[in-house]
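What follows is the residue order along each chain.
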Amino acid sequence: SKKPYRWQRVLLKVSGEALAGDHTENIDPKITMAIAREVASVTRLGVEVAIVVGGGNIFRGASWAGCTGLDRSSADHIGMLATVMNAIFLQATMESIGIPTRVQTAFRMSEVAEPYIRRRAVRHLEKGRVVIFAAGTGNPFFTTDTAAALRCAEINAEVVLKATTVDGVYDADPKRNPNAHLLETVSYHEVTTRDLSVMDMTAITLCQENNIPGMERPPVSET
Ligand code: UDP
């Protein structure tokens, strides 16, 4: 039978930056609500949505460690906790508009959220619940982009969709370089050889090894 939609199960990566919007605070509730509404409209079509949420709006381990000499593992633990804050906020927002949502954390915080259990996550998705994966991979020295690629592979999602603050992949940072050019499609090879900082290299290679397509804007061609 023909699939009604291009994808049945998607992994949405929501970066911390995206949640902050132009707000001076860490989270802009209007942005969070806009994301919740979009997710709601997709789940209503029967498409399963899992989310990996970032934490860069609150804390980035590598930059703190770099600036302050704070031990990187400790800094990254704080960074992962930041993603849990975003996840709980996003969950509360989604549930306020009636989307059943579960948060699963990569390390245990059982009073606050479920621990990550792959089969359970898949079951939630099958029941139409949105699953938010928090605390990244649970390991320091990784990023939530890598967590997105990892969870995507684990739950057999068909694509990683990245919600960030730019409208696509550019050949340079469009916020800094006015001549930056939007790339309609880009191969894994180009990302690594041209050093396009779309996602970090660990995430890109994980996607590549598992044939996971990624997208930062609406599709322009079937590739
Ligand atoms: N982090 C980590 N391991 C992971 C994912 C995240 O240590 O698997 C920490 C790391 O310190 C990172 C912070 O959590 O800086 C926030 O995640 P990230 O920077 O990926 O968030 P985003 O850029 O998407 O907002």
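Quick notes on the rules
- Residues numbered from 1 in each chain as written.
- Predicted model: local features only at pLDDT ≥ 70, side-chain atom pairs only at ≥ 80, totals over all residues.
- Near = placed C-beta within 6 Å.
- Helix = DSSP H or I, 4+ residues; strand = E, 2+ residues; numbered from the N terminus.
- Nonpolar A, V, L, I, M, F, W, Y, C, P; charged D, E, K, R; others polar.
- Core = buried A, V, L, I, M, F, W, Y, C linked by C-beta atoms within 7 Å.
- Buried ≥ 20, exposed ≤ 12 C-beta atoms within 10 Å, placed from the backbone.
- Contact = placed C-beta atoms within 7 Å.
- Axes fitted to C-alpha atoms, helices over the stretch in contact; angles between N-to-C directions.
- Parallel < 35°, antiparallel > 145°, perpendicular 65-115°, else oblique.
- Left-handed = near helix turned anticlockwise from the far one by under 90°.
- Pairing = 2+ DSSP bridges.

**Thoughts on the site of the ligand**
Near the ligand there are 24 residues, and of these Gly54, Gly56, Gly61, Gly79 and Gly136 occur at the shortest range. With 6 residues, the single largest contributor to the shell around the ligand is helix 4 (residues 72-96). Taken together, the residues of the shell around the ligand sort by class into 7 nonpolar, 13 polar and 4 charged.

**Structural notes on the nonpolar core**
With 48 residues, the main nonpolar core has Leu11, Ala50, Ile51, Ile132, Phe133, Ala134 and Ala149 as its most contacted residues. Residues contacting leucine 11, with those up to four places away along its chain left out, are Ala50, Val52, Ala148, Arg151, Cys152, Ala157, Val159 and Val160.

**Here's the deal with the packing of helix 6 (residues 144-154) against helix 8 (residues 201-209)**
Across the interface, helix 6 lies against helix 8 with an axial gap of 7 Å and an inter-helix angle of 20 degrees. When the interaxial angle is binned, helix 6 and helix 8 end up roughly parallel. The way helix 6 lies across helix 8 gives a crossing that is left-handed. Note on element contacts: helix 8 touches helix 6 through Thr202, Ala203, Leu206 and Cys207, opposite Asp145, Thr146, Ala148, Ala149, Leu150 and Ala153.

**Some details on the pairing of strand 2 (residues 48-53)**
Within strand 2, 6 of the 6 residues are buried, which leaves it mostly tucked inside the rest of the structure. On strand 2, burial covers both faces: Glu48, Ala50 and Val52 on one face and Val49, Ile51 and Val53 on the other are all buried. Where strand 1 (residues 9-14) lies against strand 2, 6 bridges are found, and the strand directions are parallel. Of the residues in strand 2, the one forming a bridge with valine 14 is valine 53.

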